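A closer look at the structure
Residues per chain, in single letters:
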Amino acid sequence: MLLKSKFKLATAVGIVLSILSLLVHLFLANYSAGGITNPSVLKDHVLPFGSRPRPRRLWGPLSTLDHLHPYAEPRKVYPAMQNGFIYAKIYGGFEKIQSSICDLVAVARLLNATLVIPEIQATTRAKGISSKFKSFSYLYHEEHFIAALSNDVPIVRGLPKDLREARKKIKFPTVSPKNTATSEYYTTEVLPRLAKSKVIGIIINGGKCLQSILPASLEELQRLRCRVAFHALKFRPEIQSLGSQIVERLRASGRPYLAYHPGLLRDTLAFHGCAELFQDIHTELIQYRRNQMIKRGTVKEQLSVDSVSMKINGSCPLMPEEVGLLLQALGYPSTTIIYLAGSETFGGQRVLIPLRAMYANLVDRTSLCTRRELSDLVGPEAPLSSDTPHPPSPKSEKELIEEWKKAGPRPRPLPPPPARPFYAHEKEGWYGWIGENDTEPDPSPIEFRRQAHRLLWDALDYFVSVQADAFFPGFHNDGSGWPDYSSLVMGHRLYQNSSGITYRPDRRTVVGLFQNVSDHLYHPPRNWTLAARQHLNNSAGIDGIIMSAMMSKPASFLAHPLPECSCRTAKSPAIQSVKDKHGELLFGGEEECPDLIVRSLAKVATKNNEPQNEDYEGELLEDDSSQGMQESDRSDTNKSSEQDEEMDPDD
């Protein structure tokens, strides 16, 4: 009897312990998976389990850069002169348009001329787009642009009537300056022609019409560039409104988000010879575009190059899979919200599969906006005939009987089987021609319209990326001399919020890291993770800014608008100025902020004085301090990955 009672007691205790264990496991699973993903971001705002801590080392602000603040106001008064009118045509995508307009305003100021609102050719060539928006106003707020620069450059919507008629008769000279045109070129060659004809046209193809680094005597033109890019060039209200809604939806759960621009553009891949990184039809498309560039003289190298060598050299973009692994090394949890920016990701959804497997909350404008919202942004458009080939219409019974009667003598062979119908997915898009032709067809009217739409999507994503809590570029500082999308975003973020998290990875270093761990990409040794983390954290701080300035500022001033367009607070730490080999300041040497800015900063600081939660919810907690970005916090990361112990892939 006693034995039976002990057995019953043991059984009861076992059942109670099992229930407690199950409850504990359910609680832990619920806590650790606080960001269980639902594909419909609009419905549950990505993360249904509330907000989580915001680690400072992942989301900022960086204490080493919080002394820098935007300050692009002019330091001297401009002379009032009028030498004539400048009108301009701008070719290219969003990043070229943004950069070209800033250069145009600076040139107009240099020549003391009145600027006519520039013509964006990607919109003027598109037939049937909304009549509500014309050329410049398709992207930007015209009234704000004119008013914001009223003290710098006189801007008009069009030439006077008599001059407009003369322009139609091609009576005025035009110039097509190089990307690296100097100020002397304009004062010695363009200004005399402008003074003589009173009107001159400028055609911009390469995204720039004035060299990036100007002499110290023209420092005010650099600040004018900043005022244009970061203050005057506001997107039209519809773009700003939808962009603000996207940012609100991304942050609706109380969590920050990271913006990521892959930089996988067909032109970029063709220019740098990265075709072999892709497969099948994508390789052929890249090679065809590269061949076109060689014929035009844009590319001086051979058609076939070793893409692996170009990748090792840092000339090819980081693939989305590599970016996902780097974010994991940094410690971003799998529930991190990542916004995919850019109107084109060459390779489509297939190249994003590995990144989406690591970060299920990978979203873009199509998953955050309804079709109605996107169509309202485009505006009412006239219908166009589809460029998709259609099979011939079926013949009526009467037509078939007539053909049969007119046929040759009997007996007749059986008619051939009906042709296989064309399917939309086989011909739709810019790639359908490659299966049948050796030459790419000319863009159709509907393709011109799509190019105009891409400007809107790029502008929308630019707005969201600038507002993001962190930004990671897949490709920047490409060395082509053209302005690139990621660099413009990074420059805007550096100007607007220098202490925000903006990664500036050195692709050559990153590729070297991946080569060292190619056999265990998803199970890297600990020292590799620490080395990757140290490089990326350094790239977000002063070291990364200096390195990026050396590479990006000669190509695009807007990618690194320091120190001309910034100021520092009086209590900022003593930082030694850094100059390039030509003596140009890259970092440091900023002016002290005026009292008005200091007082406004103090008000903002008291209003937003909330304690930062430095906890970290991911792995490797024991190696991370609250500051995370200080050099002393990573003394244990100096070990190279060659010192790693053998790693068990199943560990």
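Quick notes on the rules
Residues numbered from 1 in each chain as written. Predicted model: local features only at pLDDT ≥ 70, side-chain atom pairs only at ≥ 80, totals over all residues. Heavy atoms only, no water. pLDDT = per-residue confidence, 0-100. Contact = heavy atoms within 4.5 Å. Phe/Tyr/Trp six-rings, centres within 6.5 Å; stacked < 30°, edge-to-face > 60°. Buried < 20%, exposed > 50% of the residue type's maximum accessible area, 1.4 Å probe, protein only. Helix = DSSP H or I, 4+ residues; strand = E, 2+ residues; numbered from the N terminus. Lys NZ or Arg CZ within 6 Å of the ring centre and 35° of its normal. Expected span 1.5 Å × (residues − 1). Patch = residues over 30% accessible without salt bridge, like charges linked within 9 Å, V, L, I, M, F, W, Y side chains within 5 Å. Areas by Shrake-Rupley, 256 points an atom, 1.4 Å probe, with all protein chains shown as cover. Salt bridge = Lys/Arg side-chain N within 4 Å of Asp/Glu carboxyl O. Axes fitted to C-alpha atoms, helices over the stretch in contact; angles between N-to-C directions. Parallel < 35°, antiparallel > 145°, perpendicular 65-115°, else oblique. Left-handed = near helix turned anticlockwise from the far one by under 90°. Polar contact = N/O pair within 3.5 Å; in protein donor to acceptor, adjacent residues only side chain to side chain.

Points about the confidence of the model for the chain
Overall, the prediction assigns the chain a mean pLDDT of 81, with 80% of residues at 70 or greater. Low pLDDT, under 50, characterises residues 31-51; the stretch is placed with 44 contacts to residues that sit more than four places away or in other chains. For the stretch residues 611-651, pLDDT sits under 50, and the model shows 75 contacts to residues farther than four places along the chain or on other chains.

A short note on the packing of aromatic side chains
With the rule as written, the count across this model stands at 16 aromatic pairs. Ring geometry for Y185 against Y186: centres 5.2 Å apart, planes inclined by 80°, an arrangement best described as edge-to-face. Judged by relative accessible area, Y185 falls into the partly exposed class, the value being 21%. Relative to Y462, the ring of F235 lies with its centre 6.1 Å away and its plane at 85°, an arrangement referred to as edge-to-face. Within this pair, whereas F235 is found in the loop between α9 (219-232) and α10 (237-250), its partner Y462 is found in helix α20 (residues 445-467), the two being separated by 227 residues in sequence. Comparing F235 with Y462, the two get one shared label, buried. One aromatic cluster in this structure is built from F94, F136, Y140, F145, F235, Y462 and Y485. Of note, K96 hangs over the ring of W482, and the distance from its end group to the ring centre comes to 4.8 Å.

Some points on helix α4 (residues 94-110)
In this model, α4 (17 residues) spans 25 Å end to end at C-alpha, consistent with the 24 Å of a helix rising 1.5 Å per residue. Of all 17 residues in α4, 17 are buried; the element is thus mostly enclosed. Phi turns positive one or two residues past the end of α4, at N112, with a value near 55°.

Description of unusual backbone geometry
Keep in mind that most residues, glycine aside, have a negative phi and that most peptide bonds are trans. Cis geometry marks the peptide bond from L562 to P563; its omega dihedral reads -5°. For P563, the position within the fold is in the loop between α24 (542-552) and β13 (566-568). Residues other than glycine seldom take positive phi values, yet N112 does so here, at roughly 55°. As for its position among the elements, N112 is in the loop between α4 and β3 (114-116). Despite not being glycine, K198 shows a phi value in the positive range, around 70°. Position of K198 relative to the elements: it lies in the loop between α8 (183-197) and β7 (199-204).

Here we look at the environment of M358
Mapping M358 onto the fold places it in helix α15 (residues 353-358). Sequence separation of M358 and P333 is 25 residues, and the distance between their C-alpha atoms is 9.2 Å. When residues no more than four places from it in sequence are discounted, the contact partners of M358 are E321, G324, L325, Q328, S334 and Y522.

Focus: a nonpolar patch on the surface
There is a patch of nonpolar side chains on the surface, built from L9, V13, I15, V16, L17, I19, L20, L22, L23 and L26 and spanning about 970 Å² of accessible area. Relative to the helices and strands, I15 is located in helix α1 (residues 2-32). I15 gets classed as partly exposed once you look at its relative accessible area, which sits at 49%.

Observations concerning the packing of α10 against α20
The contact between α10 and α20 brings their axes to 9 Å, and the two run at 45°. Between α10 and α20, the crossing angle belongs to the class labelled oblique. Regarding α10 and α20, the two cross each other, and that crossing is right-handed. Contacts from I239, Q240, L242, G243, S244, I246, V247 and L250 in α10 reach L456, A459, L460, F463, V464 and Q467 in α20.

Brief notes about the side chain of H535
Structurally, the position occupied by H535 is in helix α23 (residues 526-539). Of the residues examined, H535 reaches a relative accessible area of 18% and is grouped as buried. Among the polar contacts listed, one links the side chain of H535 to the backbone nitrogen of D506, at a separation of 3.2 Å. In this structure H535 touches P505, D506, T509 and V510, once residues within four positions along its chain are discounted.

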